[in-house]
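Listed here are the chains, written in short residue letters.
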Amino acid sequence: MTEPTFRAPKGTRDLLPPTSTRFRALVDLFAQMAERAGFAQVVPPMFEDTRVFLRLGEATDVVTKEMFVIETKGGDHLALRPEQTASVVRAFVEHRPPVPWKAWYAGSNFRYERPQAGRYRQFDQVGVEVLGTDDPAADVEVLALGWRFYEAIGLRRVSLLLNSLGAVEDRARYTEALRAHFEAHASELSEQSQATLAKNPLRVLDSKRPEDEAVITTAPVMAEFLSADAAAHHEAVIAGLDSLAIPFTISPRLVRGLDYYTRTTFEFASEALEGAQNAVGGGGRYDGLVEALGGPPTPGIGFALGVDRILLACDAETVFAAPGPAVEVFVVDVVGGVAATLLTDQLRRAGVGAERAFDARSMKSQMKRAGASGAAMAVIIGEQEAAEETAVLRDLRSSEQQTVPRAAVLPTVLHVLRGSP
Ligand code: HAM
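Residues numbered from 1 in each chain as written. Predicted model: local features only at pLDDT ≥ 70, side-chain atom pairs only at ≥ 80, totals over all residues. Heavy atoms only, no water.

A few points about the site of the ligand
- In the vicinity of the ligand there are 27 residues, among which Glu83, Thr85, Glu113, Arg256 and Tyr261 approach most closely.
- Within the side chain of Thr85, one N or O atom sits 2.8 Å away from a nitrogen atom of the ligand.
- A distance of 2.6 Å separates a nitrogen atom of the ligand from a polar atom in the side chain of Glu113.
- Counting only elements with at least two residues in the shell around the ligand, the list comes to strand 6 (122–131), strand 10 (279–285) and strand 11 (300–306).
- For the shell around the ligand, the element with the highest residue contribution is strand 10, accounting for 6 residues. (Near = heavy atom within 4 Å. Polar contact = N/O pair within 3.5 Å; in protein donor to acceptor, adjacent residues only side chain to side chain. Helix = DSSP H or I, 4+ residues; strand = E, 2+ residues; numbered from the N terminus.)

Below you can see the structure in the form of structure tokens.
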């Protein structure tokens, strides 16, 4: 094969079958589980006014360094969404639906990252957001939905890491304590962490660089800064998870890549994936975000799960196989008449998955395609069947076959496939 002139852009990929089929089955399963839990779908635009995302925080790399920004002919600045929480919150502020508002979503996001296994510039998420309640039971509901989803897929090596970043004021006090600690030890920190420190001391906790480890280990922990309210909220979430027997690890240094989190914060990590890209989902509360986007004070919580990474984890755990073929019957027509056109149409209208060949291929070639299509049956029209207005129905597994009048094809197929009389 010659080298293609064009390839998918760096950090993107084509999803081809069977991956694409599996991908959709995963999103369908999520949709079903979210809707059963009372969430309704929101489909926000793929891009927003850049300022919507800038409100997510100046210390957020995702926003400051990784956005795909477009300047329109009219001079507007738009950004491809790097995530969907900001869009959902913007939509909430714009439409003001009754609360609690429970939204689910699915779709692509764009981040200008250094591509590697499990890290792409276009990647997909499924997620939920609950706006307008700060009941810890809502946190538990969101966490449980994520956990049960991984369970339903069949993943066994996912763990839930949980932390509380406290209320806005607690978080601010903690950030100052961290700043003081890290500044006192600045010379011991890596150059990168010194730069991070200037912007957001919390993010220094996220460093995996060995030279930072000692200073991070002795840093103050959030738990000491939680207000009584935030601590009670955290305890209630823990009790809720315990009552559902959902296992979790308290992870006091868990800070997330986005800056809007308050109180409950969490990540789902897959032990089946490489360390740096092992987060298969994450989320938390963002009690100040609605206000930051111009709405009334409204608490919120949600998560987003990375579909691409979940599929990698499924490969590693050999679970969630691609769904079987949708084609049930293959129509073989060697006389090149309209028989194949009529029969496939008739079968499809009756709800049967039907496929056919083109280009007047030989019987042998069409039968080969029938076998590869995954169909359970072939409906065959050769010279004799064309002359006699009949068709041969062949069971592609057992190779048993019978000849039936053309008008009996559909009822017989339905009888064989669906057991209908
Ligand atoms: P996030 O942690 O940035 O959170 O992303 C959530 C998940 O998306 C990650 O755990 C990962 O599985 C996947 N992901 C992120 N970046 C990439 C990438 N470059 N390539 C492949 N997968 C990726 C959020 O996006 C928040 N909006 C979650 C949230 C919802 N918080 C509250 N509500």
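Now that the structure has been shown, we can carry on.
What about the sheet that holds strand 6?
- Taken in spatial order, the 8 strands make up an open sheet running 1-5-6-11-10-9-7-8, and their pairing is mixed. The open sheet terminates on both sides in strands that have one partner only, identified here as strand 1 (40–41) and strand 8 (249–250).
- Looking at chain direction, strand 1 and strand 5 (residues 101–110) are connected through 2 bridges and run parallel. For Gln41, the partnering residue across the bridge sits in strand 5 and is Trp104. (Pairing = 2+ DSSP bridges.)

A few points about unusual backbone geometry
- Cis peptide bonds are those with omega within 30 degrees of zero, and the linkage from Pro17 to Pro18 qualifies with 5°.
- Its location among the elements puts Pro18 in the segment before helix 1 (19–36).
- Cis geometry marks the peptide bond from Val99 to Pro100, where omega comes out at -5°.
- Note that Pro100 resides in the loop between helix 4 (85–95) and strand 5.
- Although it is not a glycine, Arg96 sits at a positive phi angle of roughly 45°.
- A positive phi angle, close to 55°, is found at Ala245, a residue other than glycine.
- Here Ala245 shows up in the loop between helix 10 (228–243) and strand 8.

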